[in-house]
Amino acid sequence: MSWITRTRQQLTGFLARRDTPDNLWTKCKNCGAMVYTKEWEDNGSVCPRCDHHDRIGPKARFTQLFDGDYKLLPAAKVAEDPLKFKDQKKYTDRLKAARAATSEPEAMMVADGQIMGQRAIVGVQDFAFMGGSMGMGVGEAFLAGVDAALAANAPYIVFTAAGGARMQEGILSLMQMPRSTVGIQQLNEAGLPYIVVLTDPTTGGVTASYAMLGDIHIAEPNALIGFAGQRVIEQTIREKLPEGFQRAEYLLEHGMLDMVVHRRDLKETLGRLITLLMARRPKDIVAA
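A short tour of the structure in this document, coming up. Small disclaimer: the values here were computed from a predicted structure and weren't measured.

## Describing a nonpolar patch on the surface
So, point 1. Taken together, L24, W25, M34 and Y36 make up a surface patch of nonpolar side chains, about 400 Å² in accessible area.
So, point 2. With respect to the helices and strands, Y36 occurs in strand β2 (residues 34–36).
So, point 3. For Y36, a relative accessible area of 44% corresponds to the partly exposed category.

Here you go:
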């Protein structure tokens, strides 16, 4: 055996034994750039090349937002398949698959912690869990956040990301719209701030209820926000819609949002807002 053959075999064996992580790189869904996963995560899951804000789950959001440790509220217990729904799969099977994929019990998680030294209750929807769809579990989680905010005398911040109501629960999912509205009214009566941060995408029944009932509405850059899809609207009104009319920047320009905030600035912005809003509460409510 020649030395060239021996060297080639040794090199082949060495390269085969090297452990290369499968998730070393992350590909940006917008510009296609390949970014080191650590750089991606250190940048808040925002592309350093094109500034695209990738979708993130509740745990990553809580870590970015809270000052330190936080406490998760217990998952709400609801009937899992009240209508015995089945399409291509059983609804129960879809729930199991979503829980296995996300390691989360439902499409919304709520936590109690501090933002810039101010206590706050924060609810986060996860689009990765069945499209962040609003079902009874999401409704119960939302109302649990309301109750926690009332008990702690703290502001309630909700990050929305949803395709709308959960079709597998029919009218029971639509009932979460008025239920969440009543909860928000309780916050208003207590003089507690309710702030909504709309992330990509926020659509359907979520937009038609608690996503648009905040004291202040913030959105992440280029987030898709609307009720029906652009194609459906165009076919209904038979008109061509403006470019990007359902994106955060267009909605800010036309008065539907109060501000569009980069993810790196969200914590500071929310901390400043809740400090100001809590300080301006009516004195009779604070005394009560």
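Additional details are given in the paragraphs that follow.
## Topic: the sheet that holds strand β5 (residues 118–125)
Two pairing modes exist for strands in a sheet, parallel and antiparallel, and in both the strands are linked by backbone hydrogen bonds.
So, point 1. Spatially, β3-β4-β5-β6-β7-β8-β9 is the arrangement adopted by the seven strands of the open sheet, whose pairing is mixed. At either end of the open sheet lies a strand with only one pairing partner, and these are β3 (71–72) and β9 (259–260).
So, point 2. The sheet contacts of helix α3 (residues 58–65) involve β3, β4 (108–115), β5, β6 (156–162) and β7 (194–202), and relative to β4 the element is tilted by about 10°.
So, point 3. Each of β4, β5, β6 and β7 is contacted by helix α5 (residues 136–152), which is oriented at about 165° to β6, the strand it contacts most.

## Quick look at the state of the cysteines
Chemically, a disulfide is nothing more than a covalent bond linking the sulfur atoms of two cysteines.
So, point 1. On inspection of all chains with the given rule, the structure shows zero disulfides.
So, point 2. For C31, which is in no disulfide, the shortest distance to another cysteine sulfur is to C50 and amounts to 3.6 Å.
So, point 3. This cysteine, C47, is not joined by any disulfide, and C28 carries the nearest cysteine sulfur, 3.7 Å off.
So, point 4. You can call C47 buried: its relative accessible area is 0%.

## Digging into the nonpolar core
So, point 1. Counting residues in hydrophobic clusters, the biggest one holds 35 residues, and the most contacted among them are M108, F142, Y156, Y194, Y210 and I225.
So, point 2. A per-element tally of this core places α5 first, with seven residues.
So, point 3. Leave out the neighbours within four places in its chain, and M108 touches V124, Q125, V138, A141, F142, V158 and Y210.
So, point 4. Ranked by size, the runner-up nonpolar core spans 20 residues in total, among them M109, F159, I216 and L270.

## Brief notes about the environment of N188
So, point 1. Mapped onto the secondary structure, N188 falls in helix α7 (residues 176–189).
So, point 2. A residue is classified by how much of its surface remains accessible, and N188, at 33% relative accessible area, is partly exposed.
So, point 3. Sequence separation of N188 and G214 is 26 residues, and the distance between their C-alpha atoms is 9.7 Å.

## Some remarks on the pattern of salt bridges
So, point 1. Scanning the entire structure with this criterion turns up 15 salt bridges.
So, point 2. For R55, the salt bridge goes to D200, with nearest N and O atoms at 3.2 Å. Here R55, found in the loop between α2 (37–42) and α3, pairs with D200, found in strand β7; they are 145 residues apart in sequence, far enough to count as distant.
So, point 3. In this structure R55 comes out as partly exposed when scored by relative accessible area, which is 44%.
So, point 4. What emerges from the salt-bridge pattern is a single network uniting R55, D200 and R247.

## Quick word on the side chain of D54
So, point 1. Its place among the elements puts D54 in the loop between α2 and α3.
So, point 2. If we ignore the near neighbours within four places in the chain, the residues touching D54 are K29, W40, S45 and R263.

## Topic: the packing of α3 against helix α11 (residues 263–279)
When two helices pack together, their arrangement is given by the angle between their axes and by how far apart the axes lie.
So, point 1. Viewed as axis vectors pointing N to C, α3 and α11 meet at an angle of 60°, and their least axial separation amounts to 9 Å. Between α3 and α11, the angle falls in the class oblique. Only R263, L266, K267 and L270 of α11 make contact with α3, whose side of the interface consists of R61, Q64 and L65.
So, point 2. Within the contact of α3 with α11, the residues separate by chemical class into three nonpolar, one polar and three charged.

## Considering the pairing of strand β8 (residues 216–219)
So, point 1. By the alternation rule, side chains of β8 split into I216 and I218 and H217 and A219, which are all buried.
So, point 2. Of the pairings in the sheet, the one linking β7 to β8 comprises four bridges and is parallel in character. In the sheet register, L198 faces β8, and the bridge partner there is A219.

## Regarding the packing of aromatic side chains
Two aromatic rings are characterised by how far apart their centres lie and by the angle between their planes.
So, point 1. Throughout the structure, instances matching the rule amount to nine aromatic pairs.
So, point 2. With centroids separated by 6.1 Å and ring planes inclined at 85°, the aromatic side chains of F142 and Y194 adopt a geometry described as edge-to-face. Note that F142 is positioned in helix α5 and Y194 in strand β7, a separation of 52 residues in sequence.
So, point 3. Residue class for F142 comes out buried when judged on its relative accessible area of 0%.
So, point 4. Members of the aromatic cluster, each reached through a chain of ring pairs, are F142, Y156, Y194 and Y210.

Thresholds, definitions, all that
Residues numbered from 1 in each chain as written. Predicted model: local features only at pLDDT ≥ 70, side-chain atom pairs only at ≥ 80, totals over all residues. Heavy atoms only, no water. Patch = residues over 30% accessible without salt bridge, like charges linked within 9 Å, V, L, I, M, F, W, Y side chains within 5 Å. Areas by Shrake-Rupley, 256 points an atom, 1.4 Å probe, with all protein chains shown as cover. Salt bridge = Lys/Arg side-chain N within 4 Å of Asp/Glu carboxyl O. Helix = DSSP H or I, 4+ residues; strand = E, 2+ residues; numbered from the N terminus. Buried < 20%, exposed > 50% of the residue type's maximum accessible area, 1.4 Å probe, protein only. Pairing = 2+ DSSP bridges. Contact = heavy atoms within 4.5 Å. Axes fitted to C-alpha atoms, helices over the stretch in contact; angles between N-to-C directions. Disulfide = S-S within 2.5 Å. Core = buried A, V, L, I, M, F, W, Y, C linked by side-chain atoms within 4.5 Å. Parallel < 35°, antiparallel > 145°, perpendicular 65-115°, else oblique. Nonpolar A, V, L, I, M, F, W, Y, C, P; charged D, E, K, R; others polar. Phe/Tyr/Trp six-rings, centres within 6.5 Å; stacked < 30°, edge-to-face > 60°.

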